[in-house]
Amino acid sequence: MGKKNIFHHRKNSWPAEEFVNRTTLQLLDFDSGAPPEQAWRRKLNSHAGILKEFSVTFMEALKMIGLGIRLWSYVREEASHGRRAPIDPFNKEGKPSATQGVPLGGMGSGSITRGFRGEFRQFQIIPGACEPSPMMANQFSIFISRDGGSKKYASVLSPGQHDGTGGDQGLSSWGWNLSGHNSTYHALFPRAWTVYDGEPDPELKVSCRQISPFLPHNYRDSSLPTTVFVYTLVNTGKERAQVSLLFTWANSIGGTSHFSGDHVNEPFIGEDGVSGVLLHHKTAKEHPPVTFAIAACETQNVNVTVLPSFGLSDESCVTAKDMWGKMAQDGHFDRENFYNGASFPSSAGEANCAAVSASTWVEPNGKCTIAFAVAWSSPKVKFMKGKSYHRRYTKYYGTSERAAGVLVHDALTNYKRWEEDIQKWQNPILKNDSLPEWYKFTLFNELYFLVAGGTVWIDTPVPADDSSGSDRHLPRIKHKNDSTYENGTSLTNSSEDDETEVVRKDENPVSTSRNSTSHDDEEDVGRFLYLEGVEYIMWCTYDVHFYASFALLELFPKIELSIQREFAKAVLSEDTRKVKFLAEGNSGIRKVKGAVPHDLGTHDPWHEMNAYNIHDTSKWKDLNPKFVLQVYRDYAATGNLAFGTDVWPAVCAAMDYMDQFDRDGDCLIENDGFPDQTYDTWTVHGISAYCGCLWLAALQAAAAMAVELNDKFAAQKYKKKFFKAKSSFESKLWNGSYFNYDSGSSSNSKSIQADQLAGQWYTASAGLPNLFGDDKIQSSLQKIFDFNVMKVRGGRMGAVNGMHPNGKVDETCMQSREVWTGVTYGVAATMIHAGMEDNAFTTAEGIFIAGWSEDGFGYAFQTPEGWTMDGSYRSLVYMRPLAIWGMQQALERPKAVLGAPGVNIMDRINTPLSSRTSFNDRRVKKIAHKAKCFSDSVFRCVC
């Protein structure tokens, strides 16, 4: 990464021709083999440096000594029970590097990331656990023979020399000779292309296309743990080329799990030419078992063979060196390997790997396509405190681990339809010439977090029992002398009412078109969890979901509503178990009735909430207003009156709970002199711009929602509070050009906070009248742009959280001096709503330049919570950057709403929702298929 250049230039375009020879692009331009016009690109030999983690200053460390001691004690206590603390800064696994790429699979069934150099890493099969190191046995390799064997090439399709394991019998014996100089990676989530332009054979052009089923509004296929790799081969030589592609995979869930023993591999021959190997993995610590499947599709021109088992030590019956030698000599394995049955269970300390080979002849100037797939079936997800659930995909594939074999079959027979749906979704944005190129591909690539952010998607709220997996709805797969076994249902096979009835594919095909109603459109979408970040192990952290939720609302609105329903239930609940809060060492109860929880838990989600125990979040001032704002935005966006009715009691309880924080009767909440909001090291005194603005917005949203639900008393109450609170807020914080950080007398009370208009962002997003006059909104945003953005490396790093009015960064604490990626995207969205699009894209581009560009700090596909002025990160792979979809939501709103005048609040909220012209109207047509919801009585609507 060339940091020395980061602040000196901007690029506006990254055409594929700068990375791949134009002739090669033309040759690959069939069957989607060529990379897209717009994508995040890297050469495979690009430098991938070690990332630099943030450090606290001496004074910051001094202030946190007590917290550090108590946190250390808590981490050790959790470890004594075999659990990982939600926040553990003391035990880091390895040193992260700038090597990430597009992750594999759909949402909620575990994930694996494939780095841009081709390595498989970042295994997250067990909930809350991440194994970041690459599994070097997992590779694609190529073997080429020309001119009767006088010209031969054999290479792993990943650059660099691996140090190997097991001496000369291990991986070091493979052909690690790809330079990567003429090979490039092109990412446009959920797809990625790797182009090998004459490597290793100068006369063979190779493209690998990675496709995962991340399909907006398709709640079925998007849950599938599978990915397809389509290889496109073009022979530019004058001789026929025999080409064999090899896919190797270790029986492992990352780390050193392949050495734990009792792992079994089993070959299979499936339908439609799909054949491969099942790798049955016995997990440690009583975690549910996992079965991987690797496969290729045999066609008239492609021959598929397998090696079910090889090891990495010289004690293995077949070693990695033997396997490589066989492929280099013959270009395939023996056909009878399919009929050898399952391998013996591996011994402790011995790895059990498998290989699938697909070979073909490519004529001079000829082209060929070879498709591979990988899937993993871990039907039961178990949390550390004992409860187990079935994952979402088991609704369609049954609860047997052996469903992996059918998953790869369905992936290989359906990926073209997936690609069509992906293109229909992405093309309107990609072809919009008014949008910056960097923004378009970064918008999609930031969605990586919905797969790689530790997501868990379960089928039912009822915990699964501990009995063995059921083999319901299982089609037949042939293996070992043409016998059969039950192996999971196909993509399009499901039974809505009778589990034993299997609907034939040709009788009930599934449509995944964004504009059509999916097969399970009226079904419960289950329960969905995603982590705050891979370093902060808390599910659905709500103060952060406030920023990230725009992505779910736009792409999977039913999941977004389900999350809000979970928090609505939580608001009305209480958990009186005692908890020690680590910041001050005081104690309290785990969950206070009326308070929105910080998160849904860690080791027992939904049942043991508020895993965060640094502060007592029942005293935080942002969570309850954020709940009200999200509920109203989602209600307005979907037009789902049943949702609005169901959550309204929780909205009222959340609003009433906040009355205790109005100390002086001005209807405006006050902060309590500690970090009582999402900036949990940044102390606030009295009225604050951030929490106060959120509260004003929540009052207006609650009043509007009360009118829609015909609660006239609540509407009048919140209206009255709003006017009184607004007057107090403006008089105490407005200084003529922006809102002061807080109303206290500390050294940073007049700081310019980048996030001071978070409430206004949501107000505009929901189509409500502006909280303040246009002059105040635009003046504040201009101040933020001039100071927090442009005075930080010329706008090349995003918006710093705090800036003194003298132009110096606010260094009150570590968070005031950080640039938060998601907050920067949120500020940019607020600017778009205010008609300041040029400033908005300049602001957000700083995140791209510093985080994603080739001259940046290397945070692509692992966007952190934030970074400091020198680019040191804090908390990689973080939820909040999904806020970039808030920018897209702002761009898609009708221009009439952007220029809406400041109307008297009651004039506006007394107008029925169905008669307003706003963002709501667009969303109702786009998401809510039942427009009648608006005219039906709220108590009769069952949509």
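Quick note: structure is the one above.
Given the structure is predicted, the values throughout are model-derived calculations rather than measurements.

Rules used in this analysis
- Residues numbered from 1 in each chain as written.
- Predicted model: local features only at pLDDT ≥ 70, side-chain atom pairs only at ≥ 80, totals over all residues.
- Heavy atoms only, no water.
- Pairing = 2+ DSSP bridges.
- Helix = DSSP H or I, 4+ residues; strand = E, 2+ residues; numbered from the N terminus.
- Salt bridge = Lys/Arg side-chain N within 4 Å of Asp/Glu carboxyl O.
- Buried < 20%, exposed > 50% of the residue type's maximum accessible area, 1.4 Å probe, protein only.
- Axes fitted to C-alpha atoms, helices over the stretch in contact; angles between N-to-C directions.
- Phe/Tyr/Trp six-rings, centres within 6.5 Å; stacked < 30°, edge-to-face > 60°.
- Expected span 1.5 Å × (residues − 1).
- Patch = residues over 30% accessible without salt bridge, like charges linked within 9 Å, V, L, I, M, F, W, Y side chains within 5 Å.
- Areas by Shrake-Rupley, 256 points an atom, 1.4 Å probe, with all protein chains shown as cover.
- Parallel < 35°, antiparallel > 145°, perpendicular 65-115°, else oblique.
- Left-handed = near helix turned anticlockwise from the far one by under 90°.
- Contact = heavy atoms within 4.5 Å.
- Nonpolar A, V, L, I, M, F, W, Y, C, P; charged D, E, K, R; others polar.

Draft legend 1. Region of the structure containing the sheet that holds strand 31 (residues 866-867). Judged by pairing direction, the sheet is antiparallel, and its 3 strands sit side by side in the order 30-31-32 without closing on themselves. This sheet does not close on itself; its edge strands, each paired only once, are strand 30 (819-820) and strand 32 (873-874). Across 2 bridges, the pairing between strand 31 and strand 32 is antiparallel. Among the inter-strand pairings, G866 is bridged to a residue of strand 32, identified as R874.

Draft legend 2. A look at the pattern of salt bridges. A complete count under the given rule lists 38 salt bridges for this structure. Residue R402 pairs with E266 through a salt bridge whose shortest N-O separation is 3.0 Å. Taken together, the residues span a long stretch of sequence, with R402 in the loop between helix 5 (394-397) and helix 6 (404-430) and E266 in strand 12 (residues 264-269) at a distance of 136 residues. A residue is classified by how much of its surface remains accessible, and R402, at 22% relative accessible area, is partly exposed. Among the residues examined, E266 registers a relative accessible area of 7% and is labelled buried. A salt bridge links R880 to E865, with the shortest nitrogen-to-oxygen separation between them at 2.8 Å. Separated by 15 residues along the polypeptide, R880 in the loop between strand 32 and helix 19 (884-892) and E865 in the loop between helix 18 (837-852) and strand 31 bring together distant segments of the chain.

Draft legend 3. Structural detail: the pairing of strand 8 (residues 191-197). In terms of burial, strand 8 is a largely internal element, 7 of the 7 residues being buried. The side-chain alternation of strand 8 yields two buried faces, one formed by R191, W193, V195 and D197 and the other by A192, T194 and Y196. With 6 bridges joining them, strand 7 (residues 183-188) and strand 8 adopt antiparallel strand pairing. Bridge assignment links Y185 to a residue of strand 8, and that residue is T194. From the end of strand 7 to the start of strand 8, which pair antiparallel, there are 2 residues. Of the pairings in the sheet, the one linking strand 8 to strand 9 (residues 204-211) comprises 7 bridges and is antiparallel in character. Across the sheet, the residue bridging to V195 is S207, located in strand 9. The loop that links strand 8 with its antiparallel partner strand 9 comprises 6 residues; one of these, G198, has a positive phi angle of about 80°.

Draft legend 4. Structural context of the sheet that holds strand 11 (residues 241-250). Strand order in the open sheet formed by 5 strands is 6-5-11-16-15, and the pairing between neighbours is antiparallel. Two strands close off the open sheet at either side, each with one partner strand: strand 6 (151-156) and strand 15 (303-310). Adjacent strand axes in the sheet meet at a mean angle of 15°, parallel and antiparallel pairs treated alike. Where strand 15 lies against strand 16 (residues 353-362), 6 bridges are found, and the strand directions are antiparallel. Paired with L307 across the bridge in strand 16 is A355.

Draft legend 5. Here's a closer look at the packing of aromatic side chains. What the rule picks out here adds up to 69 aromatic pairs. Centre to centre, the rings of F383 and W539 are 6.0 Å apart; their planes meet at 85°, and the pair counts as edge-to-face. With F383 in the loop between strand 18 (380-382) and strand 19 (388-390) and W539 in the loop between strand 23 (527-529) and helix 9 (542-555), this residue pair connects regions lying 156 residues apart in the sequence. Its relative accessible area of 1% is what places W539 among the buried residues.

Draft legend 6. Region of interest: helix 11 (residues 623-638). An ideal rise of 1.5 Å per residue puts 22 Å on 16 residues; helix 11 measures up with 22 Å between its terminal C-alpha atoms. Burial runs high along helix 11: 16 of the 16 residues are buried. G639 sits one or two positions beyond helix 11 and adopts a positive phi of about 65°.

Draft legend 7. Just a nonpolar patch on the surface, in detail. A cluster of nonpolar side chains, F58, M59, L62, I65 and I69, forms an exposed patch at the surface whose accessible area comes to about 550 Å². Counting residues per element, the ones that place at least two in the nonpolar patch are helix 2 (58-63) and helix 3 (65-80). Among the elements that line the nonpolar patch, the one with the most residues is helix 2, at 3 residues. Structurally, I69 is set in helix 3. Judged by relative accessible area, I69 falls into the exposed class, the value being 55%.

Draft legend 8. Broad picture of the packing of helix 12 (residues 641-657) against helix 13 (residues 689-708). It is at 11 Å that the axes of helix 12 and helix 13 come closest, and there the two elements cross at 140°. The angle between the axes of helix 12 and helix 13 places the two elements in the oblique class. Where helix 12 crosses over helix 13, the two elements pack in a sense that is left-handed. Counting all contacts with helix 12, which are made through G644, V647, W648, V651 and M655, the residues of helix 13 involved are W695, A698, L699, A702, M705 and A706. Taken together, the residues of the contact of helix 12 with helix 13 sort by class into 10 nonpolar, 1 polar and no charged.

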